[in-house]
Structure formats: structure tokens, C-alpha cells
2 protein chains.
Amino acid sequence: MDLTAATRSLSSAVSAAARLLTARSGLLLRAGKNGLTVGGSDSERTVRLTGDAMVHTDGEVIVPAGPLAETLRMLEDDLVRLVVEGSRLAVRVEGGRYALPLLSRELHLPDLPPKVSEVDGHALVTALRTVAGTAAKDDALPMFTGVRVQSFSRELRLTASDRYRMAVATLPLRSEGEPIDALVPAGLLAETAKQARGVVGLHGDKTRFGLSWAGVTVTTAVLDAGFLSEKLIESSTVDTTVEVGADALAAAVRRVGVYADDRRVLTLEVGDSHVRLASSKQDTGEAEETLKAEVSGGRTSPSFQARYLLDALQGFAGERVRLEIQPGMRACVIRAVEPGEVKLTYYVMPMLAR
Amino acid sequence: MDLTAATRSLSSAVSAAARLLTARSGLLLRAGKNGLTVGGSDSERTVRLTGDAMVHTDGEVIVPAGPLAETLRMLEDDLVRLVVEGSRLAVRVEGGRYALPLLSRELHLPDLPPKVSEVDGHALVTALRTVAGTAAKDDALPMFTGVRVQSFSRELRLTASDRYRMAVATLPLRSEGEPIDALVPAGLLAETAKQARGVVGLHGDKTRFGLSWAGVTVTTAVLDAGFLSEKLIESSTVDTTVEVGADALAAAVRRVGVYADDRRVLTLEVGDSHVRLASSKQDTGEAEETLKAEVSGGRTSPSFQARYLLDALQGFAGERVRLEIQPGMRACVIRAVEPGEVKLTYYVMPMLAR
């Protein structure tokens, strides 16, 4: 293998591939008449990126991902040459040679499952930022580590929960196709939310789920772990409705949260035309803050963990939100008063006040 | 106590005081006809800041530093009121009240030792950034955790070492005064380097060292732990001199360092009109990079730990440096080819190449 490529775009492709794979082990580089393919595969994922390169000699190598990504990221030259020299892949620029050992392992890059539909990348990224972040990083039940991806005739629905809160986002599909219903590892979707752009293809078959955009394809095995549903958390006993600016409420939660107890719990006291956040802690003192709000229905005043409320409100930055409060230990439902293309519904479980 | 102050400037003063103290325990607030004093004191340090405030009622309180600093930092209102209410200091803004418990502890703020001279804050900060960072964070010998501060008739000298490298910086004194020779805890000086500005006063007596600038005074007990001296490391067997750009050399060290062995050691091979950095590691491969350089004398080619070389070169950012290389296990001396107001000399001990 022998090729010359633009350093920045090669570096981006190699870094993107390394971040999309769970293990930063071997990365496959394949040079041919279609340019360069960078890919990797581990027990659950396959990632493949294509890029431009001036290929002098076709070939295929597997090299350690970490040092290759790090070297390319730090190079200042516009062009870089990758050339096999004996048992090394040499990364060459004027005055510099960085030589990586060739790994002899087998690396198979399975094809992407068939495309079933498409979504707008910006809408997908907006939805995933909140939904993927709501799944548990680590949980004994795999159901809480995944995002349920469901496609309906004109709509994609994304659902995740860590048992204490649940996020549900819907966004329009750009075309109708075979329905998807898959539980996809949240970590991969969180990384996708950092990279995807343009039009994003949705791919799937019985055991795999895939995404494709701008020269990148990602495939993962789906989790076989039951399916999250709003029915787990939904109920219809809303007796108090509060409308307030999401950013103002979040800022108040942050300030009053400094005085919250060890469980980081604060209370949302609902008044006639305001809400009052309050917290107190033995050593630190106490705090309260009052915000104007449109209140209707009852005056049910739940307590929440500050962090959960902040995570929820982040998904509504810049928007006015409606909090639908239920009595007892039932979830508070948060929605935008004027939702856009991506419709987000966030459920936060209340805590017992002390 | 009852006062109104500009939120931003009060927040700056409280945060600065908290960062300059080792323990973030109690902070004293004193309101009187001279405005507001914020201060703290622990076993080794005393910090005092003065600021403007509209004082409604004189008084003095001690409150927990952490939550006060955090609350002030997050407030969006231009003005804030601090008022004692029973056993609380209430921080009040429109719609918000954050109430801190009053600590009943005694807090004495000793006076600053007498001023002996002054330096330009910018020059002091430049020098301290490198010198204070060269001291050990933690060492069984206190000598290696301090910065030796010496004043001569027209010059201030700062010296620190962690045994593997030593930094010596000199800068002009703005006035002659009693000579100082004190070993000052490096942590305090590193924090000073983030805050000091304008003209900085140097203060000292037999057991204490102090600094003052723009309404801030800091006093610390000096370390009684022997004195660092260039004589510990200096020798005069330089046989090889290399001139090269500090930034270009640092960038090359970073790239080639990716391929360094577990000790993170790389070799500086000296040629006729270049230097060649080289490293290799069993699993990762090997790298070399060649830089143009002006070489005179011999061709002694030492090996260094990448991190030590990077720390050294950071102090010469944007400058051309001269490396004076000695044979054997003697320190390499690094100086700017054209030093400015702050003259920095950096000694790096070589490592055995494998």
C-alpha cells in the first residue's frame, strides 16, 4: 500500500473511526481505485469511512488505531504519505517518519444492513443529544443502556430511560420504508450525535441496526433486552400545570441546588403565578428563588433531584416549557410549549421531600 | 452587617480569596467605612482583599467560603445585598435568597510584613509560570516543593527544582530595598501567577514572605528547608551547542513522543546542521523527525524524558533557544538566544538511552 492524502481529512476519518469503535484496537486501511477506506470491527460494531486519496499502490493493512490517530492529529503538513515498508506502515512527511507495526489479525467488515428510511441529520442529532444521554451508562438491566429506535409511517421515535427519568423524541422521516423497532446501545448513538450531518440513512435487519451519512457507515448488533415504553411511566392524573422558561428555571435550579441536601433534592413549590425553588442543608444554610410562571389546575409541589431536572431542561434550551405535575410519586412530564420539528417529552420521577 | 455590592467584583474577590487559601473553610467579611474586606487565614497563609461596597451597617462575619463563592459566581443580577439575618448571612437578589450559616470561629488576619521592593506584575507572572511549575507537587524533601525567592540590588531571582530539572528566572526590581532570601511554597506562587497584575510589592521579614497587588495581599510562612542553588546542578563541561526554535522542537517532541518507550524517553541526535529526534517502542513502532538547527562544538546526543523537555520549552514559547549539552549524565542547559526582560535558564537532566 502506498498513498498520499490530505492530512486534515485523513486525520478526521481515522479519529472518527476510532471514536465510533468501542475498543481502539486495530484499524483497517484499504487503498484501491475508489480511494481509501478506513474501518474497524469489534464484537458488536462495524465502522467504515471512505475518503479521497491519491493511491500509488493498492493494498490493505491493519495498524494500531491510537498512535495513528494521535500522529495524524499532530502533523502540521498539508499532505501525508502512508506507505508499507517491510513490517511497518510508515507515516511520512517532510523531515518526519512515524512507523507503525502491521497487525497480522483478520479483520472482516460486514456490509451495512439494507436502508429502510432517512432522517435529517440535524434533527437526529438534536434528538439524540437528549435521549442518548438519558440512558444509563451502566446498568444490570441492558434495557436501560439502550435507545429504542422505532420508525412509523412518517415518524421516527427515540426512547430511553434509566428508571429515574425517561426521554422520548419524535422527528419526521424523509421517506416511508420497512418499519424498524430496535434497542440500540446508547453509547454508539451518543457518539453519532457528535458526528452525524447532512441526510442520515437508517438501516436495519432482524439482528442489526445501522446509520450512514457523508461517507460514514456504522453498524451495531441490537440489544435483545425487552422494549422501553412510555406506558412504563405514563399516567393521566395531571392536576397541576406550570409554564416557565427552561433556561431561567435551569439557572435557578443550579443556584438553589448549591444549598441542597446530600441527596441533592430541591422542592418546586407551586404558587398562583410563580414557582418557588427551595432547598436546605444543615451545614450550608438554605436558599429559595421565585420565578414568574403561568400556573393552572392544582398546587401540587413536587421535589426533584437537581441533576435530573437540569438534564431534562437542557433538552429545551431557549424554549418555554410546560410541566405537567401529578400527585404522589408519579412522573412530572416536561414538554415544549411550542415544539419544533423534533418533539421531546421528558419524564422526571419526583423524590420524597424530607 | 448589611451592604450592597456589585455582584461581579464581589464574586471575583471571594473566588480569588478562596483560591489563594489552601483550605476552603471560613471566609471573613468585614464591612466598614473603608468598604469591604474579604480575608482568610490558615496555618500557613493569610489572604486579604479589599473592594468597594455600599455599607448600610458595619459588621464582621465568617461564612463557609465554598457555597458563597459558588452562589456569587452564578448570580445574574448586577447588584447583590449581603445582610445578617439572625444566625445567617443572607445573600439577596430580586426573587432569590441564599442564606449561609455564620461560623462562630475566631479568625485573625495578621498584618503583611514590611514592603522591601516591587516588580512588574507581568514579568513576575511570566517567570512564575515556568518556575513554580518546576517545583515538585509533593516531595519528602520540602526544599523541592518551594521556590527560592532572592532579591539582589537590581534583580529578583526565582529558583525551583524537582531534582530532575531546575528553572532559574531573573527579572528587574523596580526599587532597591532590604534583600530577601526565602523559600516560598510553590503552590501559592503558582496561584499568584494566575492572579497578580499591575505593580506587585514584595514583602518579607525573618519568617514570612508576602506579595501585594491591586487590593490583594497574601502572606505565607516561609519553608525552613535549605536553599536551592544552581551550584547543585551547574557544571562547565558543555561540548555541544544547538540553536533551534522552541515551538518547532516542542511540536516534534510531542509527535515523536507518541512512539516513546514506557519511560517516555526520546533521543536528541545532533548532526552537522540539524537535530534528529528519535524514539521507539516494541508494540507501537518507531518515529524520527529532523529539524534544521545551528550546531557548534561536538555531537553529544543526549536522551530526555519527553515531558521534561516539553515543560522546559513551554517557558520559551515563540523564542529561539540555545541548548548547551554536556557529556555524560550532566544537565542540558536551555536559554533563550535573545532573552527579554525575564531571563530564564532551564536545566534538564538527561536519561540513559536504552
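Residues numbered from 1 in each chain as written. Chains lettered and ligands numbered in written order. Predicted model: local features only at pLDDT ≥ 70, side-chain atom pairs only at ≥ 80, totals over all residues. Heavy atoms only, no water.

Colleague: For this particular structure, what's the right way to read the overall build of chain A?
Modeller: Each helix and strand in chain A was counted, giving 6 helices and 26 strands. Once the C-alpha set of chain A is aligned to its principal axes, its extents read approximately 75 × 50 × 35 Å. Counting the 354 residues in chain A, one finds 56% classified as buried. Within chain A, counting contacts between residues at least 6 apart in sequence, those at least 24 apart form 64% of the total. Here chain A displays about 15,500 Å² of accessible surface, and carbon together with sulfur accounts for 48% of that area. (Helix = DSSP H or I, 4+ residues; strand = E, 2+ residues; numbered from the N terminus. Buried < 20%, exposed > 50% of the residue type's maximum accessible area, 1.4 Å probe, protein only. Contact = heavy atoms within 4.5 Å. Areas by Shrake-Rupley, 256 points an atom, 1.4 Å probe, with all protein chains shown as cover.)

Colleague: Hey, could you run me through helix α4 (residues 186-195) of chain A in this one?
Modeller: One turn of an α-helix holds 3.6 residues; hence residues three or four places apart share an orientation. Summarising burial for α4(A): 7 of the 10 residues are buried, a large majority. Those residues of α4(A) not exposed but buried are Ala186(A), Leu188(A), Leu189(A), Glu191(A), Thr192(A), Ala193(A) and Gln195(A).

Colleague: Explain helix α6 (residues 306-314) of chain B here, please?
Modeller: Burial in α6(B) covers these residues: Ala306(B), Tyr308(B), Leu309(B), Ala312(B) and Leu313(B). Angular distribution of buried residues about the axis of α6(B) spans 165 degrees; they occupy a single face of the element. (Arc of directions from axis to C-beta.)

Colleague: So what exactly am I meant to see when it comes to the nonpolar core here?
Modeller: Burial of nonpolar side chains together is a common tendency in soluble globular proteins. Grouped together as the largest cluster of nonpolar side chains are 204 residues, with contacts concentrated most on Leu29(A), Leu158(A), Leu323(A), Leu29(B), Leu158(B) and Leu323(B). In contact with Leu158(A), other than residues within four places in its own chain, are Leu124(A), Ala127(A), Leu128(A), Val131(A), Val147(A), Arg148(A), Val149(A), Ala167(A), Val168(A), Ala169(A) and Leu171(A). (Core = buried A, V, L, I, M, F, W, Y, C linked by side-chain atoms within 4.5 Å.)

Colleague: Would you explain the sheet that holds strand β7 (residues 79-85) of chain A in this entry?
Modeller: Each strand in a sheet pairs with its neighbour through backbone hydrogen bonds, running either in the same direction (parallel) or in the opposite one (antiparallel). If you walk across this open sheet you meet the 9 strands as β5(A)-β1(A)-β7(A)-β8(A)-β9(A)-β21(B)-β20(B)-β19(B)-β23(B), and the pairing is antiparallel. Strand pairing shows two members of the sheet lacking a second neighbour, β5 (54-57) of chain A together with β23 (303-305) of chain B, which therefore form its edges. Between one strand axis and the next, the sheet turns by 20 degrees as a mean value, whatever way the strands run. Strand contacts of helix α1 (residues 7-20) of chain A: β1 (2-6) and β7 of chain A, with the helix running at about 100 degrees to β1(A), the strand carrying the most contacts. (Pairing = 2+ DSSP bridges. Axes fitted to C-alpha atoms, helices over the stretch in contact; angles between N-to-C directions.)

Colleague: Is there a simple way to explain the UniProt feature "domain: DNA polymerase III beta sliding clamp C-terminal" (unreviewed entry) in chain A in this structure?
Modeller: Cross-referencing UniProt, the feature "domain: DNA polymerase III beta sliding clamp C-terminal" (unreviewed entry) maps to residues 239-351 of chain A in the present numbering. With 19% helix and 46% strand, residues 239-351 of chain A has end C-alpha atoms that lie 18 Å from one another. (UniProt positions renumbered as here; feature names shortened; annotations may be inferred.)

Colleague: Just checking my understanding: could you explain the environment of Arg299(B) for this structure?
Modeller: All names here are of chain B. By secondary structure assignment, the location of Arg299 is in the loop between β22 (294-297) and β23. A relative accessible area of 38% means that Arg299 is categorised as partly exposed. For Arg299 and Gln150, which are 149 residues apart along the polypeptide, the C-alpha to C-alpha distance reads 36 Å. Beyond its immediate stretch of four places on either side in the chain, Arg299 contacts Thr240, Val270, Gly271 and Asp272. One polar contact links the side chain of Arg299 to the main-chain carbonyl oxygen of Gly297, over a distance of 3.0 Å. (Polar contact = N/O pair within 3.5 Å; in protein donor to acceptor, adjacent residues only side chain to side chain.)

Colleague: Hey, could you run me through the relation of the copies chain A and chain B in this one?
Modeller: Both copies of the chain are placed relative to one another by a rotation about an axis and a shift along it. In the superposition of chain A on chain B (RMSD 0.0 Å, axial shift 0.0 Å), the rotation amounts to 180 degrees. Considering both components of the superposition, the chain copies are consistent with a two-fold axis. Judged by C-alpha distance, Lys194(A) is the residue of chain A that lies nearest the rotation axis, at 17 Å. Looking at chain A, 100% of its interface residues are interface residues in chain B too, so the copies touch through the same face. (Least-squares fit on C-alpha atoms with pLDDT ≥ 70 in both.)

Colleague: Hey, could you run me through the interface of chain A and chain B in this one?
Modeller: Reports of interface size often rely on the accessible area that becomes lost once the parts have come together. Taken together, the contact between chain A and chain B spans 29 residues of the former and 29 residues of the latter. Scanning the region where chain A abuts chain B turns up 8 salt bridges. For Glu286(B), the salt bridge is made with Arg97(A), and the minimal N-O distance between the two is 3.5 Å. Across the chain A-chain B interface, the total number found is 16 residue pairs in polar contact (both at pLDDT 80 or more). (Salt bridge = Lys/Arg side-chain N within 4 Å of Asp/Glu carboxyl O.)

Colleague: Would you explain the pattern of salt bridges in this entry?
Modeller: If charged atoms from side chains of opposite charge come close, those side chains can pair. Residue and element names in this part refer to chain A. The tally for this structure, following the rule as stated, stands at 60 salt bridges over all chains. With a shortest N-O distance of 3.6 Å, Arg45 and Glu44 are connected by a salt bridge. Look at Arg45 and you get buried, because its relative accessible area is 6%. By relative accessible area, which is 32% here, Glu44 ends up partly exposed.

Colleague: Looking at this model, I keep getting lost on the sheet that holds strand β5 (residues 54-57) of chain B. Mind explaining?
Modeller: A sheet is described by the order of its strands in space; here 9 strands give the open sequence β23(A)-β19(A)-β20(A)-β21(A)-β9(B)-β8(B)-β7(B)-β1(B)-β5(B), paired in antiparallel fashion. Here the strands that pair on one side only, and so sit at the sheet edges, are β23 (303-305) of chain A together with β5 of chain B. Across the sheet, the mean angle from the axis of one strand to that of its neighbour is 20 degrees, orientation sign disregarded. When strand β19 (residues 265-270) of chain A meets strand β20 (residues 274-281) of chain A, the two strands line up antiparallel, connected through 4 bridges. Each bridged residue has a counterpart across the sheet, and for Thr267(A) the counterpart in β20(A) is Ala278(A). The strands touched by helix α5 (residues 246-257) of chain A are β19, β20 and β21 (285-292) of chain A together with β9 (96-101) of chain B; relative to β21(A), the strand with the most contacts, the crossing angle is about 170 degrees. Relative to strand β1 (residues 2-6) of chain B, helix α1 (residues 7-20) of chain B is tilted by about 100 degrees, and along the sheet it contacts β1 and β7 (79-85) of chain B.

Colleague: Where do I start with the UniProt feature "domain: DNA polymerase III beta sliding clamp central" (unreviewed entry) in chain A in this structure?
Modeller: Taken from the UniProt record, the annotation "domain: DNA polymerase III beta sliding clamp central" (unreviewed entry) applies to residues 120-227 of chain A. Summarising residues 120-227 of chain A: 22% helix, 42% strand, and an end-to-end C-alpha distance of 25 Å.

Colleague: Can you help me understand the pairing of strand β11 (residues 146-151) of chain A in this one?
Modeller: In regular strands, side chains alternate between the two faces of the sheet. Residue and element names in this part refer to chain A. Across the 6 residues of β11, 6 count as buried, placing the element largely inside the fold. Residues Gly146, Arg148 and Gln150 of β11 are buried on one face, and the alternating residues Val147, Val149 and Ser151, pointing to the opposite face, are buried as well. Inspection of the sheet shows β11 paired to strand β14 (residues 181-185) by 5 bridges, in the antiparallel sense. The residue of β14 that forms the bridge with Val149 is Ala182. Here β11 runs beside strand β12 (residues 155-161); their pairing, made up of 4 bridges, is antiparallel. When the bridges of β12 are listed, Arg148 appears paired with Thr159.

Colleague: Can you walk me through the packing of α1(A) against helix α2 (residues 65-74) of chain A in this structure?
Modeller: The relative placement of two packed helices comes down to the angle between their axes together with the axis-to-axis distance. Residues and elements named next belong to chain A. With their axes 9 Å apart at the nearest point, α1 and α2 run at an angle of 150 degrees to one another. On the basis of their axis angle, the class for α1 and α2 is roughly antiparallel. You can see that α1 and α2 cross each other, and the crossing is left-handed. Residues Thr7, Arg8, Leu10, Ser11, Val14 and Ser15 of α1 pack against Leu68, Ala69, Leu72 and Arg73 of α2. (Parallel < 35°, antiparallel > 145°, perpendicular 65-115°, else oblique. Left-handed = near helix turned anticlockwise from the far one by under 90°.)

Colleague: Explain the packing of aromatic side chains here, please?
Modeller: Any two aromatic rings considered together are summarised by their centre-to-centre distance and by the angle between their planes. Under the criterion given, the structure shown has 4 aromatic pairs over all chains. With 6.1 Å between their ring centres and 35 degrees between their planes, Tyr98(A) and Tyr259(B) make a pair best called tilted. On the criterion of chain membership, the pair formed by Tyr98(A) in strand β9 (residues 96-101) and Tyr259(B) in the loop between α5 (246-257) and β19 (265-270) is interchain, its members lying in two chains. Residue classification places Tyr259(B) among the buried residues on the basis of a relative accessible area of 0%. (Phe/Tyr/Trp six-rings, centres within 6.5 Å; stacked < 30°, edge-to-face > 60°.)

Colleague: In this structure, what is going on with unusual backbone geometry? I would like to understand it.
Modeller: Across the chain, the bulk of peptide bonds are trans and the bulk of non-glycine residues have phi less than zero. One non-glycine residue with positive phi stands out, namely Arg264(A), at about 60 degrees. Examined against the element boundaries, Arg264(A) turns out to sit in the loop between α5 and β19. A relative accessible area of 38% means that Arg264(A) is categorised as partly exposed. Although it is not a glycine, Ala214(B) sits at a positive phi angle of roughly 30 degrees. Relative to the elements of secondary structure, Ala214(B) occurs in the loop between β16 (208-213) and β17 (216-221). What makes Ala214(B) exposed here is its relative accessible area of 51%.

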